[in-house]
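The lines below spell out each chain.
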Amino acid sequence: MKNRSLSFWLFLTPTLVALALVVFIPMLEGLFYSFTDWDGLSFTKMVGFKNYITLLQDKAFVNAFWFTVAFVIVTVILLNVIGLGLALLVTQKFKGSNFLRAIFFMPNMIGGLILGFIWQFIFTQGFDALGSALHLSWLQNWLTNETTGFWGLVIVTVWQMSGYIMIIYIAYLQNIPNEVIEAAEIDGASPWQRFTKITFPMIAPAFTVCMFLTLSNGFKIYDQNLSLTNGGPYNSTQMLAMDIVNTAYNASNFSLAEAKAMVFFLIVAAISLVQVLYNRRREVDL
Amino acid sequence: MKKRSTTVIAIVGALIGLLWLFPFYMIATNSFKTPKGIFASVLSLPHPATGDNYVNSFKALSFVGSLTNSLIITICSVLLIIICSSMAAYALQRNHSKLSGGLLLLFISSMLIPFQSVMIPLTANFGGVHMLNMWGLMFMYLGFDCSLSIFLYQGTLSSIPLAMDEAAEMEGANRWQIYFKVILPMLNPMTVTVAILNIIAIWNDYLLPSLVLPQIQYTIPLQMFNFFGEFTKQWHLALAGITLSVIPVILFYLFAQKWIIKGVTDGAVK
């Protein structure tokens, strides 16, 4: 198709218009408003970097940032360990392995909002009952403080996303030729040696994919946060995405929310760009 | 020896599987209990069992209405995304110029922008032209989700030889006919993937529709959020509501599992 042909542009029009109106124009407006005193409808003056300075001194934002960072570190590790573990488990040949695979993936089909409600019941009612039956006090009063809120969010995320990560690892595991494993077996390699010397190096690309996926998903989590703890108690479990939404729609501080949203963009985009650069370098190495 | 280790693995697998299903067990069993029953024991089976919770939450959730809204919004948005992104991908893939390379980069770079970074001006703009409703929402989904879809279609299109287009052109077909009659049908496997990925994302989405939809057009997650706020501490009703809202998803999963797993793998790995 030629650049100047009418059909070339007609084929592209719907998506280009949607992309511009839905993503790029609002993004540029947001960037502009973050330097003003915008109240959601209009602005009176430019304020320079005032909103960005306020943001650095905003306790809620700083707390949300560190809470999110801690959450991301823990979930990236757990999701990859458990996801890979499940993948290794269901790729063994035994009766019911396909059924198990289906079960592990199932939570991924349900939205974060409803998952949060499901686990709110389990943490507050189920754990409490188990705790008093087994006399384990650490199982009681979940979600009433920052620590249990944090681990609650971690558990929900791990339960939801492990199956997804598992699916990706499976795709790479199935690419390992059977002969390689068999040859190692004949040569007398133990299962542990086969895993560390053959399987693991061969699924290294899967590790990169999964790590960046869990990294950027972790930063963007909102729904689970809303329905499980709603940021409480006292905003102690509020993550970055939720802090932005609340700054805008609860506190009506729209220009500050925009500044936060731009910082949020920089964080998320940086992760993705690092991934792209990393992949490119690896491809060159190959 | 080999046999025994397989048995051990199967047992370990079964135990982890049960652990994974435990939340579903908790929700399903407790949704049939009376408030007293839940208070007495959350871990036991319902005794006596009651279906009242379902009758009540079905009404309170306006389940038929919210299910219909969810279906309309998901199906229309996904169709819109499939048609528009495959068209765009076709134009970009069959045009080898700096321009099309630049446009593709533009689409891909939009994937770097998180939703929270655009939501405030976006809803303000659409509110200004009275498009905060399900039609506006469908258009927004096209904007947010077309990039990944174009990217996926682009990859598949490069494996469809240009000779296909040329053969059709020789027989007198114009661009649109070539695209709709020849190319689009050949993209079917990728269309399934694009559809699955978008269905899951749109069906479960909460934040965007909560900012856009008027109450009459509430989808299941939105209705669920309101419902939950109304019935906090009334777990018997809340759990029946949760179960109701999970059922359509599980049915879809059972029905389309094979394609879902393939679609999710394609979407993540490509």
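Counting restarts for each chain: residues are numbered from 1 in the order of the written sequence. Starting at A for chains and at 1 for ligands, labels are handed out in the order in which the entities are written. Side-chain atom pairs in this predicted model are given and counted only at pLDDT of 80 or more, local residue features only at pLDDT of at least 70, and totals for whole chains, interfaces and linings cover all residues.

### Side note on the UniProt feature "domain: ABC transmembrane type-1" (unreviewed entry) in chain A
UniProt positions are given in the numbering used here, feature names are shortened, and annotations may be inferred rather than shown by experiment. In this structure's numbering, the residues bearing the UniProt feature "domain: ABC transmembrane type-1" (unreviewed entry) are residues 65–275 of chain A. Between the first and last C-alpha atoms of residues 65–275 of chain A the distance is 21 Å; the span itself is 77% helix and 0% strand. Helical segments are the DSSP runs of H or I of at least four residues, strand segments are the runs of E of at least two, and each set is numbered from the N terminus.

### Some details on the packing of helix H5 (residues 112–134) of chain A against helix H12 (residues 220–230) of chain B
Note on geometry: axes are C-alpha line fits, over the in-contact stretch for helices, and angles between N-to-C directions span 0 to 180 degrees. Where H5(A) contacts H12(B), the axes come no closer than 9 Å and their chain directions differ by 30°. By the angle between their directions, the pair H5(A) and H12(B) is classed as roughly parallel. In this structure, the crossing between H5(A) and H12(B) has a hand that is left-handed. When H5(A) is examined against H12(B), the residues Leu113(A), Ile114(A) and Phe117(A) are found in contact with a partner set consisting of Pro221(B), Met224(B), Phe225(B) and Phe228(B). Residues are sorted three ways: Asp, Glu, Lys and Arg are charged, Ala, Val, Leu, Ile, Met, Phe, Trp, Tyr, Cys and Pro are nonpolar, and all the rest, Gly among them, are polar. For the contact of H5(A) with H12(B), a count of residues per class yields seven nonpolar, no polar and no charged. The scheme is simple: roughly parallel for angles under 35 degrees, roughly antiparallel for over 145, roughly perpendicular for 65 to 115, oblique for anything else. Crossing handedness: left-handed means the near helix sits turned counterclockwise from the far one by under a right angle, and right-handed means the same turn made clockwise. C-beta atoms are first placed from the backbone for all residues, and any pair lying within 7 Å is then listed as a contact.

### Here we look at the environment of Leu244(B)
As for its position among the elements, Leu244(B) is in helix H13 (residues 235–269). Once residues within four sequence positions are removed from consideration, Leu244(B) is found in contact with Tyr54(B), Ser57(B), Phe58(B), Leu61(B) and Phe63(B).

### Thoughts on the interface of chain B and chain A
Across the contact, 67 residues belong to chain B and 68 residues belong to chain A. Of all the elements in the fold, those that place two or more residues in the side of chain B that touches chain A are helix H1 (2–30), helix H4 (63–93), helix H5 (98–110), helix H6 (119–128), helix H7 (134–157), helix H10 (188–204), H12 and H13 of chain B. The element contributing the most residues to the side of chain B that touches chain A is H13(B), with 14 residues. Per-class residue counts for the side of chain B that touches chain A are 49 nonpolar, 16 polar and two charged.

### Some points on the nonpolar core
Working definition: the nonpolar core is a set of buried Ala, Val, Leu, Ile, Met, Phe, Trp, Tyr and Cys residues, joined through C-beta atoms within 7 Å. Residues with at least 20 other C-beta atoms within 10 Å of their own are called buried, those with 12 or fewer are called exposed, and the rest are partly exposed. The C-beta atoms themselves are positioned from the backbone. Core analysis: the biggest nonpolar cluster contains 144 residues, and Ile114(A), Ile118(A), Met166(A), Tyr169(A), Ile81(B) and Ala88(B) have the highest contact counts within it. If you tally residues by element for this core, the top one is helix H6 (residues 146–173) of chain A, at 13 residues. Not counting residues up to four positions away in its chain, the partners in contact with Ile114(A) are Pro221(B), Met224(B), Ile242(B), Ser245(B) and Val246(B).

### Some points on unusual backbone geometry
All names here are of chain A. Cis peptide bonds are those with omega within 30 degrees of zero, and the linkage from Gly232 to Pro233 qualifies with -5°. Following the sequence through the fold, Pro233 ends up in the loop between helix H10 (223–228) and helix H11 (240–249). In the Ramachandran plot, Leu143 falls in the positive-phi region, its phi being about 70° despite a non-glycine side chain. Turning to its location among the elements, Leu143 is positioned in the loop between H5 and H6.

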